[in-house]
Number of protein chains: 2
Amino acid sequence: MAALLKGEASGYDLAKAFDATVANFWMSTPQQLYRELDRMEAEGLVTARVVEQERRPNKRLFSLTEAGRKAVHAYTAEPLGKPAVVRDELLVKVQCLDAGDMEAVRTAIAERMEWATAKLARYERLRQRLLDGRSEEAYFAEAERIGPYLTLLRGMSFERENLQWGDMALRRLEQRTAALRADG
Amino acid sequence: MAALLKGEASGYDLAKAFDATVANFWMSTPQQLYRELDRMEAEGLVTARVVEQERRPNKRLFSLTEAGRKAVHAYTAEPLGKPAVVRDELLVKVQCLDAGDMEAVRTAIAERMEWATAKLARYERLRQRLLDGRSEEAYFAEAERIGPYLTLLRGMSFERENLQWGDMALRRLEQRTAALRADG
DNA sequence: CATACCTATTCACATTTTTGAGTATCAGAG
DNA sequence: CTCTGATACTCAAAAATGTGAATAGGTATG
């Protein structure tokens, strides 16, 4: 979770930033964040600074300590435990499609595609903001941090794949129902 | 979990079949399977049939009941709760790459690529087994069940994307270290 | 003939994740 | 002036998941 601390931020800020940037490969609820932050504070990896706000509830701004920075470094160095965890209900439905409600599955795929389109658009906006007018080449050469950009690209390619696959699947299903109808 | 019951099978069989076919979008431990099977038996969605084996421990063969079949149908019809859950440690490391151990992250990406290659090969073998000599066109037209084939294709495109992205990322990182060295 | 791994399942426990609410303040809409 | 919604958290409890080992016979390897 230390992944998200590249600047000072409140738990609330993080929860939102999460959605925008890392939701792609890691999901989380606010509760989890706060718990982790508390834990990390106890371990001395982050420090909290309470900011009194006149017209808002107080918030705690967290920042990485030297120890935290080291922990991040150590984390990246250690071998990765598991390859990846994917859990996609849509694909479960597609898997049982032949014994299930074909029409509903089709709708579900279409919905997923819409959703992917929207996400792709958001990613693209974020990407343009990161690039800030520069070419990708220039960005990779100049930018301070390229990690987030690389993960963003992975998220984009994932959503594009979703779209392509969905398109293919819908076409195939249509062909099939047409063929089956013709067959009797 | 009802997703995997298209034929009679023991818990052990399922656990293995899982790895081969659905591990792609759903992960599970044996315990979870057995627990779910017990639960589903209690709910009447599956029936168990004990098979005595001379030279092996006895096993219970499960099959879907009519109620189970209906439950599957109902499941595919209901709207999907969450889009998907991805949780990839590699991308977390890539995200912190700039504050972490660049060399280690590079190794991790390379490892992931090897792993993806292996997985792709297994998927391809499975695909050939499903096609069984037929063309894809023919398969979609004739086959009894196309759901598993569609999810398999999704798994394959996912791994291919992993490879492409990894390749790109490694190239960029190399370029960058070269550029930074030249810069001082 | 010892060793290790495969079948087939179960148990107990630990950890994680999710769910759903509760607290409190302020801004803007109607 | 009330109501909704955003900010900024916290708590308790349930549900799901994962860990690690125990059991117990069989089969293949050296």
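Quick note: structure is the one above.
Described below are features of the structure shown in this document. (Residues numbered from 1 in each chain as written. Chains lettered and ligands numbered in written order. Predicted model: local features only at pLDDT ≥ 70, side-chain atom pairs only at ≥ 80, totals over all residues. Heavy atoms only, no water.)

### Points about the protein's contact with DNA strand C
Here is step 1: Around DNA strand C there are 19 residues in total, and Gln31(A), Arg55(A), Tyr12(B), Arg60(B) and Arg87(B) lie nearest to it.
Here is step 2: When the atoms of DNA strand C within 4 Å of the protein are sorted by group, sugar and phosphate make up 65%.
Here is step 3: At 2.8 Å, a side-chain N or O of Tyr12(B) approaches a phosphate oxygen of DNA strand C.
Here is step 4: Separating a phosphate oxygen of DNA strand C from a side-chain N or O atom of Arg87(B) is a distance of 2.3 Å.
Here is step 5: For the surface near DNA strand C, the elements supplying multiple residues, two or more each, are helix 2 (30-42) of chain A together with helix 1 (11-22), helix 2 (30-42) and strand 3 (59-64) of chain B.
Here is step 6: Partitioning the surface near DNA strand C into residue classes produces three nonpolar, seven polar and nine charged. (Near = heavy atom within 4 Å. Polar contact = N/O pair within 3.5 Å; in protein donor to acceptor, adjacent residues only side chain to side chain. Helix = DSSP H or I, 4+ residues; strand = E, 2+ residues; numbered from the N terminus. Nonpolar A, V, L, I, M, F, W, Y, C, P; charged D, E, K, R; others polar.)

### Some details on the protein's contact with DNA strand D
Here is step 1: Lining the immediate surroundings of DNA strand D are 19 residues, of which Tyr12(A), Arg87(A), Gln31(B), Gln32(B) and Arg55(B) lie closest.
Here is step 2: Counting only the atoms of DNA strand D that lie within 4 Å of the protein, the sugar and phosphate share comes to 66%.
Here is step 3: A distance of 2.5 Å is found between a phosphate oxygen of DNA strand D and a side-chain nitrogen or oxygen belonging to Arg87(A).
Here is step 4: Contact between DNA strand D and Arg35(B): a base oxygen at 3.4 Å from a side-chain N or O atom of the residue.
Here is step 5: For the surface near DNA strand D, the per-class residue count stands at three nonpolar, seven polar and nine charged.

### Some points on the sheet that holds strand 2 (residues 46-51) of chain B
Here is step 1: Overall, antiparallel pairing links the three strands, which are arranged 1-3-2 (chain B) in an open sheet. Each edge of the open sheet is held by one strand with a lone partner, namely strand 1 (9-10) and strand 2 of chain B. (Pairing = 2+ DSSP bridges.)

### Describing the relation of the copies chain B and chain A
Here is step 1: Least-squares fitting of chain B to chain A yields an RMSD of 0.2 Å, with the superposition described by an axial translation of 0.0 Å and a rotation of 180 degrees. The superposition of one copy onto the other is thereby described by a two-fold rotation axis. Taking C-alpha positions as the reference, the residue of chain B nearest the rotation axis is Val86(B), at 2.3 Å.
Here is step 2: By residue overlap, the copies meet face to face through one surface: 100% of the interface positions of chain B are interface positions in chain A. (Least-squares fit on C-alpha atoms with pLDDT ≥ 70 in both. Contact = heavy atoms within 4.5 Å.)

### A few points about the interface of chain B and chain A
Here is step 1: Counting from both sides, the interface comprises 66 residues of chain B and, opposite them, 67 residues of chain A.
Here is step 2: When the two sides are added together, the surface that chain B and chain A hide from each other amounts to roughly 7000 Å², 61% of it contributed by carbon and sulfur.
Here is step 3: Among the residues of chain B in contact with chain A, Arg87(B), Gln95(B) and Arg154(B) are the three that bury the most area, contributing 12% of the side total.
Here is step 4: Joining chain B to chain A, the criterion identifies four salt bridges.
Here is step 5: Here Arg172(B) and Glu137(A) are joined by a salt bridge, their closest N and O atoms 3.2 Å apart.
Here is step 6: Seen at the junction of chain B and chain A, the total is 36 residue pairs in polar contact (both at pLDDT 80 or more).
Here is step 7: Listing elements by their share of the side of chain B that touches chain A, those giving two or more residues are helix 3 (66-77), strand 4 (85-87), helix 4 (89-95), helix 5 (102-131), helix 6 (136-142) and helix 7 (147-183) of chain B.
Here is step 8: Considered class by class, the residues forming the side of chain B that touches chain A number 37 nonpolar, 10 polar and 19 charged.
Here is step 9: Judged from the three bridges that link them, strand 4 (residues 85-87) of chain A and strand 4 of chain B form a sheet pairing that is antiparallel. Paired with Arg87(A) across the two strands is Val85(B), which belongs to strand 4 of chain B. (Buried area = accessible area lost by both parts, 1.4 Å probe. Salt bridge = Lys/Arg side-chain N within 4 Å of Asp/Glu carboxyl O.)

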